[in-house]
Amino acid sequence: MVGVADEKDLITGENIQAGDVLIGIASSGVHSNGFSLVRKVFAVTKESLAVYYDELGMTLGEALLTPTRIYVKALRAVKDAGVTVKGCSHITGGGFYENIPRMLPEGVAARVRKDSYPVPPIFELLQRTGNLEEKMMYNTYNMGLGMVLAVDAADAEQTVEALKNAGEQAYIVGEVVEGSRDVTVL
């Protein structure tokens, strides 16, 4: 994708500081990352993909093929609400541990509380079926958060409200603390 933006509108992360709040926007599922591991966990056959799982409310194939959520309208809604997004991280392959640090400047780190939002059943099924360690799950998958935003603490509730008004599920999932550009999932 190619585009043009005014420099003043760029979200660079350079102004993120300790005390800022992390807002997570719900994913629609696995999205388009981590399918090498999915194929190792599940025998991907016509029969296995047609199996209905009560916990998913659909077949495995339907859950895995749920379209990836796109967050352009959500970010526009936050901007239109007058909130300055200091940083944003699209949680793709590499999960939390590789993606969130990319938005952080030197001198800060992120803390994400895993109990601050619901983890979709597809991730619990993947972890249980594949006997995967929790850290590997958070390092491979979005675990239910397709995007994480960093905003000033005073803007946290307004950000969540703007996202909900835009049709998104959003949660206050953590905070920025002093540190060395890493992520702790608590």
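Heads up: the structure comes first, above all this text.
Read on for a plain summary of the structure.

Reading the values: the criteria
Residues numbered from 1 in each chain as written. Predicted model: local features only at pLDDT ≥ 70, side-chain atom pairs only at ≥ 80, totals over all residues. Heavy atoms only, no water. Core = buried A, V, L, I, M, F, W, Y, C linked by side-chain atoms within 4.5 Å. Buried < 20%, exposed > 50% of the residue type's maximum accessible area, 1.4 Å probe, protein only. Helix = DSSP H or I, 4+ residues; strand = E, 2+ residues; numbered from the N terminus. Contact = heavy atoms within 4.5 Å. Pairing = 2+ DSSP bridges. Axes fitted to C-alpha atoms, helices over the stretch in contact; angles between N-to-C directions. Salt bridge = Lys/Arg side-chain N within 4 Å of Asp/Glu carboxyl O. Phe/Tyr/Trp six-rings, centres within 6.5 Å; stacked < 30°, edge-to-face > 60°. Lys NZ or Arg CZ within 6 Å of the ring centre and 35° of its normal. Arc of directions from axis to C-beta.

Attention now goes to the nonpolar core. Leu22, Phe96, Ile100 and Tyr141 are the most contacted members of the largest nonpolar core, which has 38 residues in total. Considering every element that reaches this core, the biggest residue donor is helix 6 (residues 121-130), with four residues. Residues in contact with phenylalanine 96, not counting those within four places in the same chain, are Ile91, Pro101, Val112, Tyr117, Tyr138, Tyr141, Asn142, Met143, Leu145, Val183 and Val185. Core analysis: the second largest hydrophobic core is formed by 15 residues, Val21, Ile23, Leu149 and Ala170 among them.

Spatial strand order, 4-6-1-7-5-8: six strands in an open sheet with mixed pairing. One side of each edge strand has no neighbouring strand; the edge strands of this open sheet are strand 4 (87-90) and strand 8 (183-185). This sheet shows a mean twist of 25 degrees between the axes of neighbouring strands, independent of strand direction. Bridge count for strand 5 (residues 108-112) against strand 7 (residues 170-178) is five bridges, and the pairing is antiparallel. Looking across to strand 7, one finds that alanine 110 is bridged to valine 176.

This next bit is on the pattern of salt bridges. Here the structure, examined in full by the defined rule, presents nine salt bridges. For arginine 128, the salt bridge is made with glutamate 55, and the minimal N-O distance between the two is 3.0 Å. Here arginine 128, found in helix 6, pairs with glutamate 55, found in the loop between strand 2 (52-53) and strand 3 (58-59); they are 73 residues apart in sequence, far enough to count as distant. Under the relative-accessibility criterion, arginine 128 is labelled exposed at 51%. For lysine 114, the salt bridge is made with glutamate 134, and the minimal N-O distance between the two is 2.6 Å. Residue lysine 114 is found in the loop between strand 5 and helix 6, and its partner glutamate 134 is found in helix 7 (residues 134-140); the two are separated by 20 residues along the sequence. Look at the salt bridges and you will find they share partners, linking Asp6, Lys8, Asp9 and Lys79 into a network.

For the rest of this paragraph, the subject is the packing of aromatic side chains. According to the stated counting rule, one finds three aromatic pairs in the structure shown. Their ring planes at 85 degrees and their centres at 5.1 Å tell us that phenylalanine 96 and tyrosine 138 sit as a pair that is edge-to-face. Of this pair, phenylalanine 96 sits in helix 5 (residues 95-99) while tyrosine 138 sits in helix 7, placing them 42 residues apart in sequence. When the ring of tyrosine 117 is compared with that of tyrosine 171, the centres are 6.3 Å apart and the planes differ by 40 degrees; the resulting orientation is tilted. Here tyrosine 117 is found in the loop between strand 5 and helix 6, whereas its partner tyrosine 171 is found in strand 7, with 54 residues between them in sequence. The buried category is assigned to tyrosine 117, whose relative accessible area is 6%. In this structure, lysine 135 is placed above the aromatic ring of tyrosine 97, and the distance from its NZ or CZ to the ring centre is 4.8 Å.

What follows is about the side chain of aspartate 155. Within the element layout of this structure, aspartate 155 appears in the loop between strand 6 (145-151) and helix 8 (156-165). Among all residues touching aspartate 155, those that are not within four sequence positions of it are Val83 and Thr84.

Time to look at the pairing of strand 7. Looking along a regular strand, one sees the side chains alternate between the two faces of the sheet. Bridge count between strand 1 (residues 21-26) and strand 7: five bridges; the pairing is antiparallel. Paired with glycine 24 across the bridge in strand 7 is tyrosine 171.

This next bit is on helix 6. Residues of helix 6 that are buried include every one of Ile122, Phe123, Leu125 and Leu126, and no others. Taken around the axis of helix 6, the buried residues stretch over an arc of 160 degrees, which confines them to a single face. In this fold, the buried residues of helix 6 make contact with helix 1 (35-41), strand 2, helix 3 (60-64) and helix 7. The positive-phi residue at the C-terminal boundary of helix 6 is asparagine 131, with phi of around 50 degrees.

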